[in-house]
Amino acid sequence: MIIWPGSIPGHYSEVTMLDITTPESVGLSRKAIDKALSLLEREGVPMHSLLVARHGMMCTELYWKPWDRERLHRMYSVTKSFVSIAVSFLLDDGLISLDDRIIKYFPEYLPSPCPPELEKMTIRNMLMMRTCHRRTTYKEGGRGNYFPSFRKDWTRSFFVVPPDHEPDAFFIYDTSSPHVLGALTEKLTGMKLIDYLRVKLLDKLAVSERTYIIADPEGTPIGGSGLMMRPVDLLSVINLVMHDGGGIISSSYLRDATSPLSVTEFGSAGTESDQKCGYGYQFWRMSHNAYAMVGLGGQFAIAVPDKDIAIVTTADTQGDKAWDKVLLNAIWMIVDSLDDESVPSPRALSIPSSRGKMKKSEHYGKVYSFSENMLNLELLELREDMLSCRVRGTDYSFHYISRDNAENSFPVKSMSPCYVSGGWLEDGTFSLFVQFAGEELGSLKIQLGFSDNCVSVLMHIYGEVSLEGFEGVASGYASE
């Protein structure tokens, strides 16, 4: 049964920081919401809730039985954004600087000798998912095969798993990073993470006192995925974030946190276009000039400032990867219903290319050498129009064009046509995009992050392409 806000007097008896109104009063038609609901029902998406606020007023609050307003929901990686907000409060309290090196706060976990990549890593790197690790460290070893010492102490794993590359080189989704930042919050404040958030934020929004964060085996809050919260409370928080923090959260911090500070072309947890729009400080950028808290299984808290609309969903889409895309389509269907009608202008059609731009760089012409690594990469050189590398003793070269595709040939199965584009991304990394167009269809992405005389290389193959190497990370150094 659907009960629209405002349709039954006294239906909302509990205190909430959001005023209650009808969809029509804020310019949103029930027809648009019904279309979105029909799409979700038609595709069989296992929905739990859908809530919408516009102009600071909740105009839609729907639950799928047996879910209701009072049941706490596992928000998974939405938790990461709450850790980021906690970090903003640590800054306000003068307890940290974003450029502090994380090893300063956890000397008890440091290996001897401490790897230089770990020594350099800052709190800012961790917020931006630009650490020195290629995956979540407490999951190192494969599905269910954690190193024995990591089964219990997830925080320690972040410091003792050997680094793969330089920090700040590029974005790789690493859930152990917010886990450590949550542990840092507790260490510096002497309070449980959720209690610190209550004092600083949640109590001011009348968030349910039953809200909590699941702990790891050591009792540390699972900062990457442990939040248990009511969807209506999540709506209050994302609405506050969208309105510059409401004088509670630093507006300048939120501007950075919700900006595209890292490029997420690959190396991300998501595969759809909405998770390739960039990443801030534990917040995702999305289409529609929106940003979001995103959790596994269809947990979304999305803010669209241009429309002054915030949307929260909870679900369990883990059974079908396509469901997340359907769910987002339903969300954008609601958002787009607020658009004025316009006539689309003609456009040229072509395959995609790298978003990188051309620029002069001191890194052109340097030859980088590599010790043994997972890519089997031996040498690499970047020029203004070509990337050359040696993999397993074989030399390869890619001629590239910025924001267009240069035709190349490449030995995939046999000499195969491919189309290459490349350039510098907004966050200072270089990206190369190779699309194969022969008997084997697929693509290769290469991303380079530079610091001093070091290059960190991230490669990933999409599709069933018979390439040896070209998958993983490595760091190399130019001769002085």
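Residues numbered from 1 in each chain as written. Predicted model: local features only at pLDDT ≥ 70, side-chain atom pairs only at ≥ 80, totals over all residues. Heavy atoms only, no water.

Colleague: Can you tell me about the nonpolar core, naming the residues and giving the values?
Modeller: General note: in soluble globular proteins, nonpolar side chains tend to be found buried as a group. Core analysis: the biggest nonpolar cluster contains 66 residues, and F82, I85, I102, I123, I238, V241 and M293 have the highest contact counts within it. Setting aside anything within four residues of it in sequence, one finds F82 in contact with L197, L202, L227, M229, L234, V237 and M293. Ranked by size, the runner-up nonpolar core spans 38 residues in total, among them L39, L50, C59 and V326. (Core = buried A, V, L, I, M, F, W, Y, C linked by side-chain atoms within 4.5 Å. Buried < 20%, exposed > 50% of the residue type's maximum accessible area, 1.4 Å probe, protein only. Contact = heavy atoms within 4.5 Å.)

Colleague: Tell me about the sheet that holds strand β4 (residues 73-74), and please be specific about residues and values.
Modeller: With respect to topology, three strands assemble into an open sheet ordered β4-β6-β5, the strand pairing being antiparallel. Both edges of this open sheet fall to β4 and β5 (212-213), since each of them pairs with a single strand only. (Pairing = 2+ DSSP bridges. Helix = DSSP H or I, 4+ residues; strand = E, 2+ residues; numbered from the N terminus.)

Colleague: So what about the packing of helix α2 (residues 78-92) against helix α8 (residues 231-242)? Which residues, and what values?
Modeller: One can describe the packing of α2 onto α8 by two numbers: an axis separation of 13 Å at closest approach and a directional angle of 50°. The angle between α2 and α8 places the two elements in the oblique class. For α2 against α8, the interelement crossing comes out left-handed. Residues V78, F82 and I85 of α2 lie in contact with α8, whose contacting residues are L234, V237 and V241. Of the residues in the contact of α2 with α8, the class split is six nonpolar, no polar and no charged. (Axes fitted to C-alpha atoms, helices over the stretch in contact; angles between N-to-C directions. Parallel < 35°, antiparallel > 145°, perpendicular 65-115°, else oblique. Left-handed = near helix turned anticlockwise from the far one by under 90°. Nonpolar A, V, L, I, M, F, W, Y, C, P; charged D, E, K, R; others polar.)

Colleague: Tell me about helix α7 (residues 193-200), residues and numbers included.
Modeller: Along α7, the positions that sit buried rather than exposed are L193, I194, Y196, L197 and R198. Tucked into the core, α7 has its buried residues touching α2, α6 (176-189) and β5.

Colleague: Mind laying out the pairing of strand β10 (residues 309-315), listing which residues take part and the relevant values?
Modeller: A regular strand places its side chains on the two faces of the sheet in alternate fashion. Most of β10 is tucked away: seven of the seven residues are buried. Burial along β10 is two-sided: I309, I311, T313 and A315 and A310, V312 and T314, pointing in opposite directions, are all buried. Both strand β9 (residues 299-304) and β10 contribute to a ladder of five bridges, which runs antiparallel. Pairing of A303 across the sheet is with A310, part of β10.

Colleague: Explain the pairing of strand β14 (residues 394-399) to me, using residue names and the numbers behind them.
Modeller: Of the pairings in the sheet, the one linking strand β13 (residues 386-391) to β14 comprises six bridges and is antiparallel in character. Each bridged residue has a counterpart across the sheet, and for M386 the counterpart in β14 is H399. From the end of β13 to the start of β14, which pair antiparallel, there are two residues, and R392 there has a positive phi angle of about 55°.

Colleague: Give a detailed account of the packing of aromatic side chains, specifying residues and quantitative values.
Modeller: For the coordinates displayed, the defined rule picks out 22 aromatic pairs. Pairing F89 with Y196 gives two aromatic rings, centres 6.4 Å apart and planes at 85°, and the pair type is edge-to-face. Of this pair, F89 sits in helix α2 while Y196 sits in helix α7; the two residues are 107 residues apart in sequence, bridging distant segments of the chain. Like Y196, F89 is buried. (Phe/Tyr/Trp six-rings, centres within 6.5 Å; stacked < 30°, edge-to-face > 60°.)

Colleague: Kindly report on the environment of H288, identifying the contributing residues and their values.
Modeller: Residue placement: H288 occurs in the loop between β7 (284-286) and β8 (290-295). According to the relative accessible area criterion, H288 is partly exposed, its value standing at 29%. Remark: the alpha-carbon pair of H288 and P305, spanning 17 residues in sequence, is separated by 9.2 Å. With residues up to four places along the chain from it excluded, the contact list for H288 reads V304, D306, W332, V335 and D336. Within the structure, H288 has its side chain in polar contact with the side chain of S287 (distance 2.9 Å). (Polar contact = N/O pair within 3.5 Å; in protein donor to acceptor, adjacent residues only side chain to side chain.)

Colleague: Go over unusual backbone geometry with me, naming the residues and quoting the values.
Modeller: A cis amide bond, omega 10°, links K65 with the succeeding residue P66. One can find P66 in the loop between β3 (57-63) and β4. The amide bond that connects S112 to the next residue, P113, takes the cis arrangement and shows omega of 0°. Relative to the elements of secondary structure, P113 occurs in the loop between α2 and α3 (116-120). At D244, a residue that is not glycine, the phi angle is positive and equals roughly 60°.

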